[in-house]
Amino acid sequence: MNFITQIFNGLQLGSIYALVALGYTMVYGIAKLVNFAHGDVIMVGAYTIALAIQTAAFNAGLPLWLTFIPAVVVCTVLGITVERVAYRPLRNSSPVSLLITTIGVSLFLQNLFVKLFTSSAKPIPAIFPQFSIQFAGIHLSLATIVTIVSTIILTYILHLFINKTKNGKSMLAVSEDYGASELVGINVNQVMTMTFAIGSALAGIASVLYVSSYPQIQPFMGSILGIKAFTAAVLGGIGSIPGAVIGGMILGMIEVLTRAYLSSAYADAIVFMVLILVLLVHPTGLFGKLEKEKV
């Protein structure tokens, strides 16, 4: 039973990685940009949750899980702002310039929050009620169930949005050919803004799920989370929505099972070793497609 419990713990952690990886894979798939500041958007969402908890409304008895609303709003606004201020002016620049810009935005956000809130970690109260559900001898916390179910539902909604709506199809068109999309009348700037907005909104939800599992925040918390989520996106095939989710789940289970049955010291090393092995065997990731360039 302990093994089954660890599997669910791995799915919980993997669900968080999956939501963050969806942001990476959307931005890369459409804007061809690896946004290394994405993990820090989650950090901003976590601090938004901490500040919201201190407001009169939540002190008066509102359920703490409603903090996802201000977290999503702030993260979405931040994503749109960063896209317009930092990335849009450099869209036609070299990939290296864009990559350096994302790192610069990440460092800016980290140091800004160190200045505002200091570098010390701050505790967060329990977001979800502290009770567990038992079946077949397995105890699952409410946070575990909410995290896994939320990721499945959000992934399905995102899949429907991309494939069934006009805006979603515009995003697919831009991901296929930026120039041709402009020629047929698609507003590429609007599509890019929408992509960052959706990815950042998912980061806001991920921040609530993350602090419900790890109730402590600090300005650098987004760094390792962002790197692991990016690893999940690459493992699943960056640019693929199902790949990001499956990659996140695999990564979460590997990490949790390693910590449970081997040692916490080996967890990160084994996670990245699996990534290297997958890339050696299948360089485009599990669900990625090989793209051919005409020369």
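Everything numeric in this text was worked out from a predicted model, so none of it was measured.

(A) Spatial organisation of the packing of aromatic side chains. Tallied over the full model, the rule gives nine aromatic pairs. Taken together, a centroid distance of 5.4 Å and an interplanar angle of 40° make the contact between Tyr 87 and Phe 196 tilted. Of the two residues, Tyr 87 is situated in helix 4 (residues 68-87) and Phe 196 in helix 9 (residues 188-213); the sequence distance between them amounts to 109 residues. Taking relative accessible area as the criterion, Tyr 87 reaches 3% and is therefore assigned buried. Through a chain of ring-to-ring contacts, the aromatic side chains of Tyr 24, Phe 36 and Phe 230 assemble into a single cluster. Sitting above the plane of the Tyr 28 ring, Lys 32 keeps its charged end 5.8 Å from the centroid.

(B) Spotlight on the UniProt feature "transmembrane region" (unreviewed entry) in the chain. Here, UniProt's "transmembrane region" (unreviewed entry) annotation points to residues 16-34, 41-58, 64-86, 98-118, 138-162, 191-210, 230-254 and 266-287. Across residues 41-58 one finds 89% helix and 0% strand; the C-alpha atoms that close the span lie 23 Å apart.

(C) View of the packing of helix 1 (residues 2-31) against helix 11 (residues 241-261). As a packed pair, helix 1 and helix 11 sit with axes 6 Å apart at the nearest point and diverge in direction by 140°. Classified by the angle between their axes, helix 1 and helix 11 sit oblique to one another. The two elements helix 1 and helix 11 meet at a crossing, and its hand is right-handed. The residue inventory of the contact of helix 1 with helix 11, partitioned by class, reads 18 nonpolar, nine polar and one charged.

(D) Here's a closer look at the layout of surface pockets. The space that makes up the second largest pocket amounts to roughly 330 Å³. As for the second largest pocket, its lining consists of 19 residues, of which Ala 31, Lys 32, Arg 91, Tyr 178 and Met 192 are closest to the centre. Partitioned by chemical class, the residues of the lining of the second largest pocket number 10 nonpolar, three polar and six charged.

Cut-offs and rules
- Residues numbered from 1 in each chain as written.
- Predicted model: local features only at pLDDT ≥ 70, side-chain atom pairs only at ≥ 80, totals over all residues.
- Heavy atoms only, no water.
- Phe/Tyr/Trp six-rings, centres within 6.5 Å; stacked < 30°, edge-to-face > 60°.
- Helix = DSSP H or I, 4+ residues; strand = E, 2+ residues; numbered from the N terminus.
- Buried < 20%, exposed > 50% of the residue type's maximum accessible area, 1.4 Å probe, protein only.
- Lys NZ or Arg CZ within 6 Å of the ring centre and 35° of its normal.
- UniProt positions renumbered as here; feature names shortened; annotations may be inferred.
- Axes fitted to C-alpha atoms, helices over the stretch in contact; angles between N-to-C directions.
- Parallel < 35°, antiparallel > 145°, perpendicular 65-115°, else oblique.
- Left-handed = near helix turned anticlockwise from the far one by under 90°.
- Nonpolar A, V, L, I, M, F, W, Y, C, P; charged D, E, K, R; others polar.
- 1 Å grid on protein atoms, 1.4 Å probe; cavity = no way out; pocket = protein on both sides within 12 Å on 5 of 7 lines; lining within 4 Å.
- Points joined across faces, edges and corners; volume = space filled by probe spheres on them.

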